[in-house]
Amino acid sequence: MNPQDPDAAAPVPPLPAAAVASPSVEQKRAVEAVVVKAAIAAAKADTAALPQPSGTLEAKADMADADGAMVCDACEYCDDLCRWAACKACNEKEERIKARPAPRPGCGRFTTCQLRRHCTKSDVWLAAHGVVYDATEILEEHPGGVRSILRHAGQDCTEDFDFHSKAARGLWKDLKIGTLVHCPKDGGDSRCAIM
Ligand code: HEM
Ligand SMILES: [Zn+2]
Ligand SMILES: [Zn+2]
């Protein structure tokens, strides 16, 4: 082929230096997807023989560090569990929790470390006036929209509770799963965490 031929396919121009130096959102997402897929595969391979604790494998994948290795971010002072199915420490902790008598419905005791985990569309907890609520069931039908609840997911929203009508507060009551307590790391005992 004649290199001077104007009809010859032009070579692909190299990416501009700026694009290489600062990858686009798409490029970042692609890299992220590879890391997440690898983490899920590793977690699946690792955990085939283990009981699956709370949380999805996909959620656990966001715990992979830069090298793709899993890290446990559970609070070691309370019943908090990380979302990594293969976490030995958390699997053992979960067994100890299960061995205790289960609380009566609505009478659980949860630390803020535990509360903050429940912050996804499929698992939304809220706290108000020291009470913990599971809002997952009503999320889609909430008159104030899904976003208003999700913005407070896993957190205290006492002010927002107070804004609701008496009838609405009655609905909240039905969703009570327990009380908020201090993590031993924050002083412990059975005090309510916000009052
Ligand atoms: C378990 C949790 C919740 C339940 C059961 C609930 C229930 C309700 C109900 C029944 C209403 C209708 C109005 C009323 O009767 O007061 C309402 C409205 C509303 N809620 Fe909630 N809610 C919850 C959480 C939240 C949270 C965390 C926020 C955060 C900002 C919020 C924001 C709103 C807003 C802005 C409205 C007004 C919608 C409007 O009138 O246009 N809600 N909620
Ligand atoms: Zn863990
Ligand atoms: Zn804790």
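What follows covers the pairing of strand β3 (residues 123–128). The element β3 is extensively covered by neighbouring structure, given that five of its six residues are classed as buried. Bridge count between strand β2 (residues 119–120) and β3: two bridges; the pairing is antiparallel. Following the sheet pairing, threonine 120 is matched in β3 by aspartate 123. Pairing analysis gives four bridges linking β3 to strand β4 (residues 131–134), with the strands arranged antiparallel.

With 15 residues, the main nonpolar core has Trp125, Leu126, Ala127 and Val132 as its most contacted residues. Counting residues per element, this core draws most heavily on β3, which supplies five residues. Contact partners of alanine 127, with chain neighbours within four places excluded, come to Leu115, Val132, Asp156 and Leu180. In this structure, Leu81, Cys82, Ala86 and Cys90 belong to the second largest nonpolar core, which totals eight residues.

What counts and how
Residues numbered from 1 in each chain as written. Chains lettered and ligands numbered in written order. Predicted model: local features only at pLDDT ≥ 70, side-chain atom pairs only at ≥ 80, totals over all residues. Buried ≥ 20, exposed ≤ 12 C-beta atoms within 10 Å, placed from the backbone. Helix = DSSP H or I, 4+ residues; strand = E, 2+ residues; numbered from the N terminus. Pairing = 2+ DSSP bridges. Core = buried A, V, L, I, M, F, W, Y, C linked by C-beta atoms within 7 Å. Contact = placed C-beta atoms within 7 Å.

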